[in-house]
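# Architecture at a glance
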Amino acid sequence: MRRVIVGVFLLCASIFGATETIDAPSLESKLATLTKAIAQSNNPWYKQYINIKAYENLLQEIRYAEKELERLEAIEEKNSRVSSQILQYKNTLQTLQRQRDILESYAKNYSQLLELPEIKDIPNVSNPILIISGYSFIKTLQESQHNIESNAKSLQEILDMAKQCYEIAQILNDYYVDENNTPKIKEYQNQTLEALQMVQSLESAQQILQTSYDVYSKEIESIITSLESEIKAQVVKMISILVAFGAIFVIGLFIKTALRKYILDSNRVYTANKIINIFNITLIVIILLFAYLENVSYLVAIVGFASAGLAIAMKDLFMSVLGWFVIVLGGSVHVGDRVRVVKDGATYVGDVLDISVLRMTIYEDITFTSYVENRRAGRIIFIPNNYIFTTLLANYTHAGLQTVWDGIDISITFDSNYKKALSIATEIGKRYSKGYTELTRKRMERLKDRFSLRNINLETRAFCMLEPNGIRISLWYHVNSYTIMALRSTISGELIEAFLREDDIYIAYPTTKVVPTGGDGRGNKPDPSTPSNVASPTNPTRLRGGSDVPFADDKDLDHGNFGVM
């Protein structure tokens, strides 16, 4: 507002100066105010101008000192009294030169304020991730442009104030010339000259800044336009890719729904879903590669050179992928199958939860293996697919089979009726496994088209074998793969109860047999001449299990009248 008032005042003064009276004190006050405002301002251009002026004054002092030094040195031979003055000028000249060296780096000109930031590392927006970098670079350029505009604005402000000082000082100088006021004339001539020098210096800097800014601004606009075009192209490409991904997902979902509707075998549906997922992922990767790789031949070359090293360094990984193909295409294992894996002496039995490209995931169930070996279950076991080539993997439910042979062993004494024991065991086994046997027979009939199956006996069987501690009755029967422990527990209990009900079958187990009379080792077997339900000296009571025999009389213990066999 102050500049507007002063401008209007100066315009009026220039037009009506010849006819109107000039208010010199008011102009002097305004000039003093402007001069003080310029001196107290934090304007970088004014500060730099002061430094430049100080540097120029310093150069003038150096030139003057050098001239005086030359003059004194020329007359030193004629007048020896000037030696002290020469030494003084030399010291002064050295001091001034050091000051010049200090000021020269930053006070020589306006280079620091006129220097524009260099534009480098322009990003190439070639994928969606670089969109953020593109916008960030655009923002940086805009901030740089704004800083230059602010710098130009501050230069214009100080230049306007300098021009006002010059015009007012010139008016006052002309006024006091008319008034013939010599001291005032000299004062305002100096102020007019100083203001004019400032105006000329700042106008020169302004012209350089304006020219540089015009070029710089056009370069920034060109870069921003290019980046915005690249960003727009990447957004369009990204939207197209997302549409393609959506179409792939919808088509895959439609196929999966159709498979679940028309295919009843859940294992086939699961395998088909896996294949569809892998196909979709592969298709997506191919789309991304061709969309964002500028030269696909580079990828082919890199893969060609790296394949040999990768094949060695990642052998297990490639073998797992190959194993996955063997499992899926060969159909040896399906999700839901019960499998048994042996590795480094550890055995795991469980149900297959998932078959991925690199590994199978099984859930360890409570089985006879966990009862005998592991003593724990319920773990999630991860089996690399490459184990199918190097490790024994048994499938309990392959090719639709739901049953396996299970066996229970129980030992009886040598003097037991082993034929009756075999009959009883076979009858119990058939009773509990009849349904599983028929199911197995039907499954085997279906497998005759795929495998050579001849003379396979599927009936429940029992065998007797001689062992050091008795006769072992081995019962074998069919059972569902997922209920082995339950049926084994039931049949075991039935065998024990059935054998205990028989008088001529004795369950054998490791024991110490005490014969109180030092007899022939019959134990508590009844005397053939004595009915089995009548007590006798050799059979005081009939104990089930048949090995441990109570003493006939407590006095036998007192006298130690017994034998150990």
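Note that the structure is predicted; figures quoted are calculated from it, not measured. (Residues numbered from 1 in each chain as written. Predicted model: local features only at pLDDT ≥ 70, side-chain atom pairs only at ≥ 80, totals over all residues. Heavy atoms only, no water.)

## Topic: the packing of helix α13 (residues 418-447) against helix α14 (residues 484-501)
Following both chains from N to C, one finds α13 and α14 inclined at 150 degrees, their axes separated by 10 Å at the closest point. For the element pair α13 / α14, the angle class is roughly antiparallel. Handedness of the α13/α14 crossing: right-handed. On the side of α13, the interface is formed by Ala421, Ile424, Ala425, Ile428, Arg431, Tyr432 and Tyr436, while α14 contributes Leu487, Thr490, Ile491, Glu494, Leu495, Ala498 and Phe499. (Axes fitted to C-alpha atoms, helices over the stretch in contact; angles between N-to-C directions. Helix = DSSP H or I, 4+ residues; strand = E, 2+ residues; numbered from the N terminus. Parallel < 35°, antiparallel > 145°, perpendicular 65-115°, else oblique. Left-handed = near helix turned anticlockwise from the far one by under 90°. Contact = heavy atoms within 4.5 Å.)

## Structural notes on unusual backbone geometry
The phi angle at Asp121 is positive, at roughly 55 degrees, despite the residue not being glycine. Residue position: Asp121 is located in the loop between α5 (111-114) and α6 (130-179).

## Some points on the sheet that holds strand β8 (residues 470-480)
What links the strands of a sheet is backbone hydrogen bonding, and the strands pair in either a parallel or an antiparallel sense. Across the sheet, which stays open at both edges, the three strands sit in the order β6-β8-β7 with antiparallel pairing between neighbours. Edge positions in the sheet fall to β6 (403-412) and β7 (461-467), since each has one partner strand and no second. Neighbouring strand axes in the sheet, compared pairwise and without regard to direction, differ in orientation by 25 degrees on average. Against the sheet, α13 contacts β6, β7 and β8, and its axis sits at roughly 10 degrees relative to β8. Sheet strands in contact with α14 are β6 and β8, and its direction is about 30 degrees off that of β6. (Pairing = 2+ DSSP bridges.)

## Considering the pattern of salt bridges
Where charged atoms from two side chains of opposite charge come close, those side chains can pair. Taken as a whole, this structure holds twelve salt bridges when the rule is applied. Of the charged contacts, one joins Glu502 and Lys420 as a salt bridge, the two residues approaching to 3.2 Å between their closest N and O atoms. Of this pair, Glu502 sits in the loop between α14 and β9 (514-515) while Lys420 sits in helix α13, and the two are 82 residues apart along the sequence. Under the relative-accessibility criterion, Glu502 is labelled partly exposed at 23%. Residue Asp504 is joined to Lys420 by a salt bridge in which the shortest nitrogen-to-oxygen separation is 3.3 Å. Taken as a pair, Asp504 in the loop between α14 and β9 and Lys420 in helix α13 lie far apart in primary sequence, 84 residues in all. Here Lys420 falls in the partly exposed class, since its relative accessible area comes to 29%. (Salt bridge = Lys/Arg side-chain N within 4 Å of Asp/Glu carboxyl O. Buried < 20%, exposed > 50% of the residue type's maximum accessible area, 1.4 Å probe, protein only.)

## Comments concerning a nonpolar patch on the surface
A cluster of nonpolar side chains, Met319, Leu322, Phe325, Val326, Leu329 and Phe389, forms an exposed patch at the surface whose accessible area comes to about 540 Å². The element best represented in the nonpolar patch is helix α10 (residues 315-330), accounting for five residues. With respect to the helices and strands, the residue Met319 is situated in helix α10. Its relative accessible area of 32% is what places Met319 among the partly exposed residues. (Patch = residues over 30% accessible without salt bridge, like charges linked within 9 Å, V, L, I, M, F, W, Y side chains within 5 Å. Areas by Shrake-Rupley, 256 points an atom, 1.4 Å probe, with all protein chains shown as cover.)

## Considerations on the nonpolar core
Core analysis: the biggest nonpolar cluster contains 31 residues, and Leu31, Trp45, Tyr110, Ile158, Leu172 and Leu202 have the highest contact counts within it. Secondary structure elements with two or more residues in this core: α2 (24-40), α3 (44-75), α5, α6 and α7 (182-262). Those residues within four positions of Leu31 in sequence are excluded, and the remaining contacts are Cys165, Ile168, Ala169, Leu172, Tyr188 and Gln191. Listed in part, the 25 residues of the second largest apolar core include Ile424, Ile473, Tyr477 and Phe499. (Core = buried A, V, L, I, M, F, W, Y, C linked by side-chain atoms within 4.5 Å.)

## Looking at the side chain of Thr369
Summarising the element assignment, Thr369 is placed in helix α11 (residues 368-374). For Thr369, a relative accessible area of 13% corresponds to the buried category. Other than its neighbours up to four places away in sequence, Thr369 contacts Arg340, Thr347, Val349 and Asn374.

Any link to function would need more than the numbers given here.
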